[in-house]
Amino acid sequence: MLAVAEQHLTVPASNNRRTLHVWSEIRDVRLQTALNNRGYSVCDKWLKESQRRRPLSEAIVPFSIAEGYTIRALGNTDEHSARCWVSFRAFHPDDPTDKFEDGWYHNIQRGPLYRRDLDLVAVAPNADLAAFCTIWFDDVTRTGLFEPVGTSPDHQRHGLGKAILT
């Protein structure tokens with residue numbers, strides 16, 4: 001897969017080289033070794049990540065959400081720009097707004113396990129999207145992945161992250 005990705009998905013970089021960003025979980029020693037053997041290096045820019053695991057047999061912890069906020073599935077394509085914006089704010093809170101890239105969200109919805117009903121957003125009282133969580137559920141293996149999950153800095157500390165995960 002790495003060889004195919006290197007052949008088809010790299011982008012131009014400085015020094016007449018090409019770049020490919022490959023995400024790897026820190027505990028995936030096999031992939032870490034393969035990447036290291038192919039000359040990949042760690043990109044410190046994306047080291048901010050949290051991962052949690054929990055069996056579905058555990059009880060769901062009660063939660064509350066700040067007054068006026070609601071949680072629902074992402075709407076139609078009219079909300080793609082707002083979804084791109086809340087993701088940008090959540091993961092790049094200190095970046096200047098001219099670094100914002102719009103229009104990429106329709107590609108997420110093309111994923112083989114994508115389900116619109118499991119693409120959740122928290123909506124603020126002013127109707128802005130405040131938080132998000134895409135749930136990738138595989139009905140064959142009965143496993144789910146909540147990724148990405150984020151809250152805009154303007155709406156943090158209102159219980160949105162916990163609520164949208166619950």
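Here the structure is a predicted model, which means the values were calculated and not measured.

## Some remarks on the overall build of the protein chain
Here comes step 1: The number of helices and strands found in the protein chain is five helices and six strands.
Here comes step 2: Each helix (α) and strand (β) of the protein chain, taken in turn from the N terminus, gives the series α-β-β-α-β-α-α-β-β-β-α.
Here comes step 3: Seen through its principal axes, the protein chain has C-alpha atoms that stretch 50 × 45 × 25 Å.
Here comes step 4: When each of the 166 residues of the protein chain is scored for burial, the buried share is 27%.
Here comes step 5: In the protein chain, once contacts between residues fewer than 6 apart in sequence are set aside, the share between residues at least 24 apart is 52%.
Here comes step 6: Carbon and sulfur atoms provide 53% of the accessible area of the protein chain, an area that totals close to 12100 Å².
Here comes step 7: For the protein chain, the distance from the average site of its 20 positive side-chain charges to the average site of its 21 negative ones is 5 Å.

## Describing the state of the cysteines
Here comes step 1: Tallied over the entire structure, the rule returns zero disulfides.
Here comes step 2: Among the cysteines around Cys 133, which has no disulfide bond, Cys 84 carries the closest sulfur, lying 17 Å off.

## Some remarks on the packing of aromatic side chains
Here comes step 1: Tallied over the full model, the rule gives six aromatic pairs.
Here comes step 2: Summarising the aromatic geometry, the rings of Phe 91 and Phe 132 are spaced 5.8 Å apart at their centres and angled 70° between planes, so their arrangement reads as edge-to-face. A residue pair is termed long-range when its members are at least 10 positions apart, and Phe 91 in helix α3 (residues 80-91) and Phe 132 in strand β5 (residues 129-138) qualify at 41 residues.
Here comes step 3: Given a relative accessible area of 0%, Phe 132 falls into the buried group.
Here comes step 4: Following the ring pairs from residue to residue traces out a cluster consisting of Trp 85, Phe 88 and Phe 100.
Here comes step 5: Its end group placed over the ring of Phe 132, Arg 83 keeps NZ or CZ at 3.9 Å from the ring centre.

## Considering the environment of Glu 147
Here comes step 1: By secondary structure assignment, the location of Glu 147 is in strand β6 (residues 143-151).
Here comes step 2: Remark: the alpha-carbon pair of Glu 147 and Ile 135, spanning 12 residues in sequence, is separated by 6.2 Å.
Here comes step 3: In this structure Glu 147 touches Thr 134 and Trp 136, once residues within four positions along its chain are discounted.

## Comments concerning the confidence of the model for the protein chain
Here comes step 1: Overall, the prediction assigns the protein chain a mean pLDDT of 89, with 96% of residues at 70 or greater.
Here comes step 2: Within the protein chain, strand β2 (residues 18-19) has the poorest average pLDDT of any element, 83, and strand β4 (residues 119-123) the best, 98.

## Remarks on the pairing of β4
Here comes step 1: With five of five residues buried, β4 is to be regarded as a mostly interior element.
Here comes step 2: Pairing of strand β3 (residues 70-73) with β4 involves four bridges; the strand directions are antiparallel. By the bridge assignment for β4, Thr 70 is matched with Val 123.
Here comes step 3: With five bridges joining them, β4 and β5 adopt antiparallel strand pairing. From the neighbouring strand, Val 121 faces β5, where its bridge partner is Phe 132.
Here comes step 4: What sits between β4 and β5 in their antiparallel hairpin is a turn of five residues, with Ala 127 showing a positive phi close to 80°.

## Some points on the nonpolar core
Here comes step 1: If you look at the biggest cluster of nonpolar residues, it comprises 11 residues: Tyr 69, Leu 118, Leu 120, Ala 122, Ala 124, Ala 130, Ala 131, Cys 133, Ile 135, Leu 160 and Ile 164.
Here comes step 2: Those elements giving two or more residues to this core turn out to be β4, β5 and α5 (160-165).
Here comes step 3: Looking at this core, the element that brings in the most residues is β5, giving four residues.
Here comes step 4: Discounting chain neighbours no more than four positions away, the residues touching Ala 131 are Val 86, Leu 120, Val 121, Ala 122, Gly 150, Thr 151, Leu 160 and Ile 164.
Here comes step 5: Formed by nine residues, the second largest nonpolar core is a distinct cluster that contains Leu 74, Ala 90, Tyr 105 and Leu 129.

The rules behind the values
By convention here, each chain's residues receive numbers from 1 onward along its written sequence. Side-chain atom pairs in this predicted model are given and counted only at pLDDT of 80 or more, local residue features only at pLDDT of at least 70, and totals for whole chains, interfaces and linings cover all residues. Excluding hydrogens and water, the side-chain values take into account all heavy atoms of the structure. Strands here are runs of E lasting at least two residues and helices are runs of H or I lasting at least four, both read from the DSSP assignment and numbered beginning at the N terminus. The buried label goes to any residue with under 20% of its type's maximum accessible area, the exposed label to any with over 50%, and the partly exposed label to all in between, with areas taken from a 1.4 Å probe on protein chains only. What makes two residues a contact is simply this: any of their non-hydrogen atoms within 4.5 Å. Here, Shrake-Rupley sampling with a 1.4 Å probe gives the accessible areas, and only protein chains in the shown set may cover a residue. In this count, Lys and Arg are taken as positive residues and Asp and Glu as negative ones, while His and the chain termini are left out. Throughout, a charge is located at the NZ atom of Lys, the CZ atom of Arg, the CG atom of Asp or the CD atom of Glu. Cysteine sulfur pairs qualify as disulfides if the two atoms are within 2.5 Å. Note on aromatic pairs: the rings of Phe, Tyr and Trp (six-membered ring only in Trp) are paired at centre separations within 6.5 Å, and the planes decide the class, stacked below 30 degrees, edge-to-face beyond 60, tilted for the rest. Any Lys NZ or Arg CZ found within 6 Å of a ring centre and within 35 degrees of that ring's normal is scored as a charge over the ring. Confidence of the prediction at every residue is given by pLDDT, a number between 0 and 100. At least two bridges found by DSSP between two strands are what make those strands a pair. Residues grouped as a nonpolar core are buried Ala, Val, Leu, Ile, Met, Phe, Trp, Tyr and Cys residues, joined through side-chain atoms within 4.5 Å.

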